[in-house]
Amino acid sequence: MEIPTKYNPKEVEKRWYAFWEKENLFAAKVNPKKKPYSMVIPPPNITGILHMGHALNNTIQDIYIRFKRMQGFESLWMPGTDHAGIATQNVVEKMLIEKGKKRYDLGRDKFLEEVWRWKEKYGSAIIDQLKRLGCSCDWPRTRFTMDEMFSDAVLEVFIRLYNEDLIYRGDYIINWCPRCQTALSDEEAQHREIDGMLYYVKYPVATTDDGRRTTDDKGFVVVATTRPETMLGDVAVAVNPKDKRYKGLKGKTLVLPILQRELKVIFDSKVDPSFGTGALKVTPAHDPVDFELGIAHKLEPVNVMNNDATMNEAAGDYKGMDRLECREALIEDLKERDLFIKAEPHKHSVGHCYRCHTMIEPRLSKQWFVRMKPLSVKAREAVEKGKIKFYPKRWTKVYLNWMSNIRDWCISRQIWWGHRIPVYYCKKCYEQTTDDRRQTRDTGIIVSKTKPEKCPHCNSTEIEQDPDVLDTWFSSWLWPFATFGWPVEKTTDDGRRTTDEKAKAELDYFYPTDVLVTAQEIIFFWVARMVISGLKFMKDIPFGDVYIHGTVRDDTGTKMSKSLGNTIDPIDIIDKFGSDALRFSIISITAQGQDVFLSPQKFEIGRNFANKLWNASRLVLMNLKEDMVKKDLCQIRLRQGRKSQEVCFGGQVANEKFTLADRWILSRFYEALGDFTKSLELYRINDAANRIYEFIWHEFCDWYLEIAKLTIDEPHTQITLYKVLEKSLRVLHPVMPFITEDIWQRLPREHTTVSVMVTKWPHMQKEFIDKKVDKEMQLLIDVIQAVRNLRATWRIEHQKEVDVFIKVKNKKVLAALNTNVKYINKLARVGNLDVSTRIKKPKHSAVSVIHDIEIFIPLEGIIDIDKEKKRLEEKVNNLQSELKRVEGRLKNKGFISKAPKDVVQKAKGRKELVKVEINSLKKNLSAL
RNA sequence: GGGCGGGUAGUUCAGUUGGCUAGAACGACUCGUUUACACCGAGUAGGUCACAGGUUCGAGUCCUGUCCCGCCCACCA
């Protein structure tokens, strides 16, 4: 059979991927004869390129999809991308800036055209990369969150939630990114600890004795703040009612420095007396706690900042300054007025935009929110009751904790790229009020998928759509069902209800999906919210299992990220080592749920393995005789002990012809198959990969192939080789799809299956697992290793055959060894082998004892005994003098105290080493 | 402040419900090109499993405490 000497991954990958696509092997459809197995891809962001995190994530998923497909499931992997509102808009804006344009110059419509153009051009880069990884997604189904179909689902969900009062609009403190100029959800604000300052500022007590307001310089309250610039928006100072220091403030007011605004003193138990001075400045428009205090004490918020975090009119003379600039200036002014006390270093954590890493400004703003509490109840239960299981289990707690402390979700974004909020305002009916924090649902708000022609209340045609778009996650959270075409029931333009039969059938069949494979970073953003939406809109969980894999880091433990420049590009690795090498390597080093530390070197594991497999296959292919193996393998029978079982393996070869080695490798194969399958089912993917690696390399190649060479032309060997290789390829296929396909296609076969990827998963044949055979073979291996070991210690020339005498006590052992003499001869380079219960130790022989077996190799004539004796004696002498030197050094106190520690350590180590070596040499000497 | 993960050969890590004589890969060392493979083969050396107690016939594994490293959550003004 033809097979190239060298394995060429690039060629193989290109060829077989095209073949799989051409044969349409990735497609899945409703098939009542098969059970479904389905999975959705965590939609990569269209601005992204494949990084190692994706490579890990998608390799895992592809393994499961391929594994289940082979197990006979109708296996669907639904691919797609999300529109990544903020990220994409940022990318396109940057591009425009390079051309000297801003998005406002273009206007909304033109800008969006620009984004779509960008998306068409670059948005599918990551899809092509996933193909190079070997992902067997049902590509014609590829979805995008901004597809018409998908968008319809998003609007539908918005409207349904709005109608159930689960979506509302209101003024709340939100996370504002001054650079992206949009609101963010709590999850999008990443908290990072920074070294800030805590500033102490005097707030004078106002006196009103004579009716006029004056400032009493002696009376003041000191407040501590980390953001002094927000004091311009202060409306009160709060203290704890139990705090004795501030009892005297009852009924008094304070004066806000600089702006001279009068501030109430309020008493609230939320204030922690032990922090700072125990007095808290209250800025409802710029701080979440203050905002709540403001509501509780009916205070009017004062917003002092613009969208870009510069100060607005309310900031008086500071208007136009940047927030940090203002901070500096304000402190100077306070110092001038003797109202500044001190600034002390203070560590605290501050939110940063997850897209551009700008420091977030908490800010009062009118936004749309989803009421999460009522929605979260079922999502919590589903996990508590075990309907959804996390692997590893520990994430259950993280999920439940988040669900129990869930807060409303801010879903409006002040950007242009995304699903525009399906809300229209009648200018006449709608009164823009900032103080009304309640939903104004009846006054001029029309929620609709399309623009209404006129206001249903006043018939006015002056109608405007809300300018904001929805959070990208507000579409992603619908992924498991919106990708199938939900909602199934649609209302046509003329008001008729229609049902999308195809979508209905597919949802019935494929939903809920089986497993979600994702990274820990995304549990709150996506996993938790999908559970919520699935239970809400499909009345069922979106997936049964959630497998959370680790984060990919570099070898110093830092998370791989583009901005840090410590990434390893998976495509580079594929170019250099091959896709299979990448897949195998990354899987084999990723323990369940543990973070992965990568360096380019680690991909050699997979490359070497692919090479090994290729060469082993070459050996087999070059020697297989087509007519001997091209029979249905399930005809051979193998006798098991006394029971003559009908074992599904065989043909015309008599049972007895199968040797110990044949039976052994079959036994080992089925054991490996069982372990592999079980590990995959428990999401212990690295165990699975390493198990098959161990089998192929260290059992099949190291032992069986060496033995098989002795009888390569005999039918029993031919059949065993073929069977084990062919089945191993199938088992390995989910992990290394390309190389296994290429080799498999070269195997002689008469069945009509087009590809290894659609062959059946090898069925478990426990009958072949034979502990007795394993044990017997292990004995043989031990003996061979012992002989090799003796050869090495006695420096016996590689080519030279030796005579070996083996003394055994057990008759069974005797028989076992005697029937396999030829293996020992070949694998240990033995000339005459004498196994018996009555062996006497020959003169001048090397000795080894394993179990209760003694092995002797007479050295006379093999090595020059006198010379060897001399050599050993000389060596012992040399070592002994070295030992003396080292010991002398170690006794020298000067050396111990002055030499570097590692030198001392090395000396100590050397001492022990030399001692051990001397002992072993002496032992050898005594044998001569 | 709360929660989670980790500390095992020189290095990077496995080690499932306690049974281990603690494994692998890379690196080191000694041999070796016998026609599948030097991206290889044979062999060797390397470990008080962070520390201190406890439970047990038996602990890397379970319990308690301590010390490091990393991550996540939180309204630390």
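Up top you'll find the structure we're talking about.
Residues numbered from 1 in each chain as written. Chains lettered and ligands numbered in written order. Predicted model: local features only at pLDDT ≥ 70, side-chain atom pairs only at ≥ 80, totals over all residues. Heavy atoms only, no water.

One finds Met 52, Phe 700, Ile 806, Leu 817 and Ile 855 to be the most contacted residues of the largest nonpolar core, which totals 144 residues. Here this core gets 14 residues from one element, more than from any other, and that element is helix α21 (residues 685-708). Within the second largest apolar cluster, 69 residues are counted, among which are Val 447, Trp 477, Trp 526 and Met 538. (Core = buried A, V, L, I, M, F, W, Y, C linked by side-chain atoms within 4.5 Å. Buried < 20%, exposed > 50% of the residue type's maximum accessible area, 1.4 Å probe, protein only. Helix = DSSP H or I, 4+ residues; strand = E, 2+ residues; numbered from the N terminus.)

Where helix α24 (residues 771-793) meets helix α25 (residues 811-819), the closest approach of the two axes is 10 Å, and the angle between their N-to-C directions is 70°. In terms of orientation, α24 and α25 fall into the roughly perpendicular class. Taking contact as the criterion, the partners of Glu 776, Leu 779, Leu 780 and Val 783 in α24 are, on α25, Val 813, Ala 816 and Leu 817. For the contact of α24 with α25, the per-class residue count stands at six nonpolar, no polar and one charged. (Axes fitted to C-alpha atoms, helices over the stretch in contact; angles between N-to-C directions. Parallel < 35°, antiparallel > 145°, perpendicular 65-115°, else oblique. Contact = heavy atoms within 4.5 Å. Nonpolar A, V, L, I, M, F, W, Y, C, P; charged D, E, K, R; others polar.)

Attention now goes to the sheet that holds strand β31 (residues 853-858). Pairing within the open sheet is mixed, and its four strands lie in the order β29-β28-β31-β30. Unpaired on one side and paired on the other, β29 (830-836) and β30 (845-850) mark the two borders of the sheet. For this sheet, the mean angle separating the axes of adjacent strands, direction not counted, is 20°. Relative to β29, strand β28 (residues 802-807) runs parallel, the two being bridged by five bridges. Residue pairing for β29: Val 804 is matched across the bridge by Leu 833. Sheet strands touched by α24: β28, β29, β30 and β31. Its angle to β31, the strand with the most contacts, is close to 35°. (Pairing = 2+ DSSP bridges.)

Its place among the elements puts Ala 27 in the loop between α1 (9-22) and β1 (36-40). Between the C-alpha atom of Ala 27 and that of Ser 136, which follows or precedes it by 109 residues, the distance is 8.7 Å. Aside from chain neighbours lying at most four places away, what touches Ala 27 is Glu 74 and Asp 138.

Turning to the pattern of salt bridges, a few remarks are in order. A complete count under the given rule lists 43 salt bridges for this structure. As a salt-bridge pair, Asp 165 and Arg 371 come within 3.3 Å of each other at their nearest N and O atoms. With Asp 165 in the loop between α7 (148-163) and β5 (167-177) and Arg 371 in the loop between β14 (361-370) and α10 (372-384), this residue pair connects regions lying 206 residues apart in the sequence. A relative accessible area of 27% places Arg 371 in the partly exposed class. A salt bridge links Glu 381 to Lys 385, with the shortest nitrogen-to-oxygen separation between them at 4.0 Å. Each of Asp 152, Glu 156, Arg 160 and Lys 449 takes part in salt bridges that share partners, so that together they form one network. (Salt bridge = Lys/Arg side-chain N within 4 Å of Asp/Glu carboxyl O.)

Another aspect to go through is the protein's contact with RNA strand B. Around RNA strand B, a shell composed of 48 residues is seen, among which Asp 272, Phe 275, Phe 597, Lys 602 and Trp 697 lie nearest. What you see for RNA strand B is that sugar and phosphate hold 68% of its atoms within 4 Å of the protein. Note that a base oxygen of RNA strand B is positioned 3.3 Å from one of the side-chain N or O atoms of Arg 607. Between RNA strand B and the protein, one listed contact pairs a base nitrogen with a side-chain N or O atom of Glu 706 at 2.9 Å. Within the residue set of the surface near RNA strand B, elements represented by two or more residues are β8 (214-225), β12 (279-282), β13 (340-353), α18 (604-623), α21 and α24. (Near = heavy atom within 4 Å. Polar contact = N/O pair within 3.5 Å; in protein donor to acceptor, adjacent residues only side chain to side chain.)

The subject of this paragraph is α1. Taking 1.5 Å per residue as the helical rise, α1 with its 14 residues ought to reach 20 Å, and the 20 Å between its terminal C-alpha atoms agrees with that figure. If you check which residues of α1 are buried, you get Pro 9, Val 12, Glu 13, Trp 16, Tyr 17, Phe 19 and Trp 20. Buried residues of α1, viewed axially, fall in a sector of 160°; they line one side. Turned more than 90 degrees off the buried face of α1, the exposed positions are Glu 11, Lys 14 and Lys 22. Residues of α1 that are buried make contact with α2 (52-70), α6 (125-133), α16 (570-577), α17 (579-588) and α23 (737-746). With its phi angle positive at about 60°, Asn 24 sits one or two positions after the end of α1. (Expected span 1.5 Å × (residues − 1). Arc of directions from axis to C-beta.)

Spatial ordering of the open sheet is given by β6-β5-β14-β16, a layout of four strands whose pairing is antiparallel. For this open sheet the edge positions go to β6 (182-184) and β16 (409-410), each flanked by a neighbour on one side alone. Two strands pair when backbone bridges link them, and β14 and β16 are joined in this way by two bridges, in the antiparallel orientation. Bridge pairing in β16 links Val 370 to Trp 409.

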